[in-house]
Amino acid sequence: LWITCGASLSPWSTHLSSEEYEPDAFALASNAQFKAFSQNLYGDPAKANPYHYGHLPEVTVLPDGTGRIAKHYCMGRISHELVQVMPDERTALMGDDATNGGLFMFVADRPRDLSSGTLYVATWKQTSGVGPGAGDIGWIRLGHASSAEIRALVDGGIRPGDIMDVKTSDPADASYTRIPFNGKFNWVKLKPGMEKAAAFLETHRYAALVGASTCFSKMEGTTVNAKDKIAYSALQNIQSSMVAGNAANVPGNGIS
């Protein structure tokens with residue numbers, strides 16, 4: 001497991017953990033932390049696959065004291081921190097402890113089973129900047145998948161360059177789209193037919209590419225008021241990508 005953080009209890013009494021700060025598959029050469037992780041785990045700084053990390057692990061404790069753990073590759077590869085499952089036992093609102101993060105929602109195909117479903121990301125249309133601010137939320141469908149099929153892509157050897165081209169400086173090429181990513185800008189071009197792989201393995205980049213509001217900063221808490229049917233996502237503070245004029249803030253991306 002990679003950088004586990006805030007967890008919650010599911011309605012069916014399993015431990016819903018988190019792997020935050022998903023390692024950037026396009027920048028492994030400069031990621032000393034991930035190299036050290038790989039060295040400690042495998043004895044080889046280059047062996048660990050970044051696409052195995054940044055998912056939501058679910059821990060089940062069985063009556064005899066044994067247990068099992070499963071990573072849900074179908075819930076998006078983001079900076080997971082806390083997930084709140086709604087009373088329908090299918091819909092999950094997820095925290096995203098990132099700069100240029102998004103508000104992500106997962107709807108499982110079946111109650112009490114997070115192994116397959118549909119992933120969504122929010123759009124935010126600001127209506128007021130007074131006090132805490134206000135806005136209207138919409139949803140973009142990123143894709144549907146099972147954990148098994150996304151895990152199979154990873155185990156099958158899919159590489160970052162198979163999914164999309166990513167530049168960290170302007171290539172002066174209109175076929176690339178500029179997106180905010182981790183406090184900076186990337187210029188990205190999706191490879192043909194790679195929408196599903198991008199949605200579930202390059203979730204932050206793909207969400208920005210398809211028009212999500214990825215200007216949120218450090219969404220670290222989720223909960224629900226089931227009686228009044230109100231869900232909450234909490235921000236650590238309003239900073240960086242949420243502040244107008246900051247390099248990570250994109251005019252028109254929702255927050256100003």
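This report concerns the structure included in the present document. This one's a predicted model, so the numbers in the text were calculated from it and none came from an experiment. (Residues numbered from 1 in each chain as written. Predicted model: local features only at pLDDT ≥ 70, side-chain atom pairs only at ≥ 80, totals over all residues. Heavy atoms only, no water.)

1. Re the pattern of salt bridges
Between side chains of opposite charge, a pair can form as their charged atoms come close.
Here comes step 1: Enumeration according to the criterion identifies nine salt bridges in this entry.
Here comes step 2: For Arg 205, the salt bridge goes to Asp 24, with nearest N and O atoms at 3.0 Å. Linking Arg 205 in helix 5 (residues 203-209) with Asp 24 in the loop between strand 2 (15-16) and helix 1 (32-42), this pair joins segments that are 181 residues apart in sequence.
Here comes step 3: Put simply, Arg 112 and Glu 89 hold a salt bridge, and the shortest N to O gap is 2.8 Å. One end of the pair, Arg 112, is in the loop between strand 7 (104-110) and strand 8 (113-128); the other, Glu 89, is in the loop between strand 5 (80-85) and strand 6 (91-101), with 23 residues separating them in the sequence.
Here comes step 4: Taken together, the shared-partner salt bridges in this structure form one network comprising Asp 24, Glu 202 and Arg 205. (Salt bridge = Lys/Arg side-chain N within 4 Å of Asp/Glu carboxyl O. Helix = DSSP H or I, 4+ residues; strand = E, 2+ residues; numbered from the N terminus.)

2. What to know about unusual backbone geometry
Working note: non-glycine residues mostly have negative phi, and peptide bonds are mostly trans.
Here comes step 1: Even without being glycine, Leu 82 reaches a positive phi, approximately 70 degrees.
Here comes step 2: Relative to the helices and strands, Leu 82 resides in strand 5.
Here comes step 3: Even without a glycine there, the phi angle at Asn 100 is positive, about 60 degrees.
Here comes step 4: Residue placement: Asn 100 occurs in strand 6.

3. Focus on the packing of aromatic side chains
The geometry of an aromatic ring pair is captured by two quantities: the separation of the ring centres and the angle between the planes.
Here comes step 1: One pass over the full model with this rule turns up six aromatic pairs.
Here comes step 2: An angle of 85 degrees between the planes, with centres 5.1 Å apart, marks the rings of Phe 37 and Tyr 53 as edge-to-face. Of this pair, Phe 37 sits in helix 1 while Tyr 53 sits in the loop between helix 1 and strand 3 (56-61), placing them 16 residues apart in sequence.
Here comes step 3: Relative accessible area serves as the criterion here: at 17%, Phe 37 is assigned to the buried category.
Here comes step 4: A connected cluster of aromatic rings, assembled from ring pairs, spans Trp 2, Phe 34, Phe 37 and Tyr 53.
Here comes step 5: The ring centre of Phe 181 lies 3.8 Å from the NZ or CZ of Arg 205, which sits over that ring. (Phe/Tyr/Trp six-rings, centres within 6.5 Å; stacked < 30°, edge-to-face > 60°. Buried < 20%, exposed > 50% of the residue type's maximum accessible area, 1.4 Å probe, protein only. Lys NZ or Arg CZ within 6 Å of the ring centre and 35° of its normal.)

4. Notes on the layout of surface pockets
Where empty space is left can be seen by rolling a probe of water-molecule size over the atoms.
Here comes step 1: Taken as a whole, the largest pocket spans an internal volume of roughly 550 Å³.
Here comes step 2: Contributing to the lining of the largest pocket are 26 residues, with Trp 124, Pro 132, Phe 216, Leu 235 and Met 242 lying nearest its centre.
Here comes step 3: Secondary structure elements with two or more residues in the lining of the largest pocket: strand 6, strand 8, strand 9 (134-146), strand 13 (216-225) and strand 14 (230-235).
Here comes step 4: Top element by residues in the lining of the largest pocket is strand 14. It accounts for four residues.
Here comes step 5: By volume, the second largest pocket amounts to about 470 Å³.
Here comes step 6: What lines the second largest pocket is a set of 24 residues, and nearest its centre among them are Glu 22, Asp 24, Phe 181, Asn 182 and Arg 205.
Here comes step 7: Those elements that provide at least two residues to the lining of the second largest pocket are strand 6, strand 12 (184-190) and helix 5. (1 Å grid on protein atoms, 1.4 Å probe; cavity = no way out; pocket = protein on both sides within 12 Å on 5 of 7 lines; lining within 4 Å. Points joined across faces, edges and corners; volume = space filled by probe spheres on them.)

By themselves these figures say nothing about function.
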